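A structural walkthrough
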Amino acid sequence: MHGIQKNIRTLNLNTQSEEMYRQIEKLYPICRSITGDGVRKTLDILQEGIPLTKHEVETGTKVFDWKVPLEWNIRDAYLIDPDGEKIVDFKESNLHVLSYSSPIHRTVSLDELKQHLFSLPDHPDWIPYRTSYYSENWGFCIRHNQFEKLSEGDYEVFIDSSLEQGHLTYGEYVVEGQTDLEVLISTHICHPSLCNDNLSGNVVSAKLAEILTGLPLRYTYRFLFIPGTIGSITWLALNEPIASRIRHGLVAVCLGDAGRFTYKKSRQGNAEIDQVVAHVLKQSGYPFRIIDFFPFGYDERQYCSPGFNLPVGCLMRTPHGEFPEYHTSADNLDFVSPENLALSLSMYLQVVDVLESNSRFLNTNPKCEPKLGKRGLYGNIGGNYDSHTFQLAILWVLNQSDGENTLLDIARKSGLGFDLIKAAAAALSKTDLLKSGDNPG
Ligand code: ZN
């Protein structure tokens, strides 16, 4: 669509990148989990850019094979050593507490305490991020350097948390298009002070939603800001009729680091979204790799479960588990940058641009090549393209527009960029040689 392309071209990515980074700075201190006030505060901040809807799903609601868990909230937590010194303080870092820890206030021996401590011997200065959502436990995550210095004696453990009947909260925002066929962008919002996984995905999604708002779009775009796993399961369980309208989708995560782009294909493997992302990455000139679907990782697991099998891939930079900072205190504000966020956003925008304009056309003069000169299709008509390349694109579009091939198919076969093929199709559409074919919506 013209509007999107113009928007991408004229977008000041410097401004966008600073705004996204500033939003990460605001979101960073919040203690998020799969439920609770941290999620609500996060959605409040995201609402500054897009009027998303906050949904509350009651504890105990059955969602396929799962149940919405008790709501977890935490106010304070600390650990006091045998000398009476506060050695671990939730207020210093929310990663210090095992997420979903049950409340506790008692004295324990070092031996007992150690059963509830998590540290990283390979990165002794980093605090790990650990959770215990579905089995009741309490615990602290600490630097290994500190772990090694713990002396024998009694420790005071205090976790002022609550696990109560409440809600699972998620955010949803829909940008209406000309059709009710949908593109899904899904991002998880359940990690506490961790920037790349998951705040980068949150702010890139929110910025994309903001940019698309008000543009003339073919597809309807649905943005989900949900807790990982239980959030997508809940949404799918409550929205099966909507899920059947999803034609393309991406899970947005790990988009702020400096690593090369990684695209994890949908379970279908050769869906249009898989082809579009592969083409955009290839044309971008930036390093990338494409990996096949596997049934672990992020929420694509749920969207791509066999009962849904939606064409949803995951476009990220370095995948989870492949950067040492993953799920540690080192995934902080220094690990992500405005420039990396901006480049990731531009990749998402280009994917949207191709999805929006990927159409089938029909050559109305398919017997032998038509005479181009008499229709003004020779010479310098390609705008930004040199005339020889533009001629090639014209010939490719005419030859392949048999009602089956899309513009993306033609771009892939010809090795020419999607923009060029699209421009050639636009020029041909102004003549009697090409008409619109059978397209979505
Ligand atoms: Zn994670």
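Residues numbered from 1 in each chain as written. Predicted model: local features only at pLDDT ≥ 70, side-chain atom pairs only at ≥ 80, totals over all residues. Heavy atoms only, no water.

Quick look at the domain arrangement of the chain
Our working definition: What fixes the domain bounds is an automatic or database domain assignment. What makes two residues a contact is simply this: any of their non-hydrogen atoms within 4.5 Å. By definition, the buried area sums, over both parts, the 1.4 Å-probe accessible area that each loses when the two are put together. Between N or O atoms, a polar contact is any pair within 3.5 Å; within protein, one atom must be a potential hydrogen donor and the other a potential acceptor, and residues adjacent in sequence are included only when both atoms are from side chains.
Parsing the chain into structural domains produces domain 1 (2-68 + 168-357), domain 2 (72-164) and domain 3 (360-435). On the side of domain 2, 17 residues touch domain 1, which itself brings 24 residues to the contact. Counting each side, the surface lost to burial between domain 1 and domain 2 is near 1500 Å², with a carbon and sulfur contribution of 59%. In this assembly, domain 1 and domain 2 are joined by nine residue pairs in polar contact (both at pLDDT 80 or more).

Section: unusual backbone geometry
Rules: By the criteria applied, helices consist of DSSP H or I runs no shorter than four residues and strands consist of E runs no shorter than two, each listed in order from the N terminus.
Here T229, not a glycine, exhibits a phi torsion of approximately 60 degrees, which is positive. Of note in the backbone geometry, C254 takes a positive phi value of approximately 50 degrees without being a glycine. The residue C254 is located in the loop between β13 (246-252) and β14 (261-264) in this model.

Quick notes on empty space enclosed by the protein
What counts, and what does not: Residues are said to line a cavity or pocket when one of their atoms sits within 4 Å of a point; the points come from a 1 Å grid over protein atoms alone, cavities being sets where a 1.4 Å probe fits but cannot get out and pockets being open sets with protein on both sides within 12 Å along at least five of seven lines. Grid points are joined across faces, edges and corners, and a volume is the space filled by probe spheres set on the points.
Scanning the entire structure with this criterion turns up one cavity of 30 Å³ or more. Estimated volume of the largest cavity: approximately 40 Å³. V183, I185, L208, L250, I273, Y348, V351, V352 and L355 are the residues that line the largest cavity. Put simply, the parts of the chain that give the lining of the largest cavity at least two residues each are β11 (182-188) and α11 (338-357). Of all the elements, α11 adds the most residues to the lining of the largest cavity, at four residues.

What to know about helix α6 (residues 195-212)
Heads up, the condition is: One fewer than the residue count of a helix, multiplied by 1.5 Å, yields its expected span. Partly exposed residues are those whose accessible area sits between 20% and 50% of the maximum for their type, while under 20% is buried and over 50% is exposed, using a 1.4 Å probe and protein chains only.
Look at α6: 24 Å from first C-alpha to last across 18 residues, which is about the 26 Å you get at 1.5 Å a residue. With 17 of 18 residues buried, α6 lies mostly within the body of the structure. Positive backbone phi, at 90 degrees, marks G214, one or two positions downstream of α6.

With respect to the nonpolar core
This is how it is decided: Residues grouped as a nonpolar core are buried Ala, Val, Leu, Ile, Met, Phe, Trp, Tyr and Cys residues, joined through side-chain atoms within 4.5 Å.
In this structure, F223 and L315 are the most contacted members of the largest nonpolar core, which totals 78 residues. Of all the elements, α11 adds the most residues to this core, at 10 residues. In terms of domain composition, this core takes at least three residues from each of domain 1 (2-68 + 168-357) and domain 3 (360-435). I159, L168, C254 and M316 belong to the second largest nonpolar core, which has 59 residues in total.

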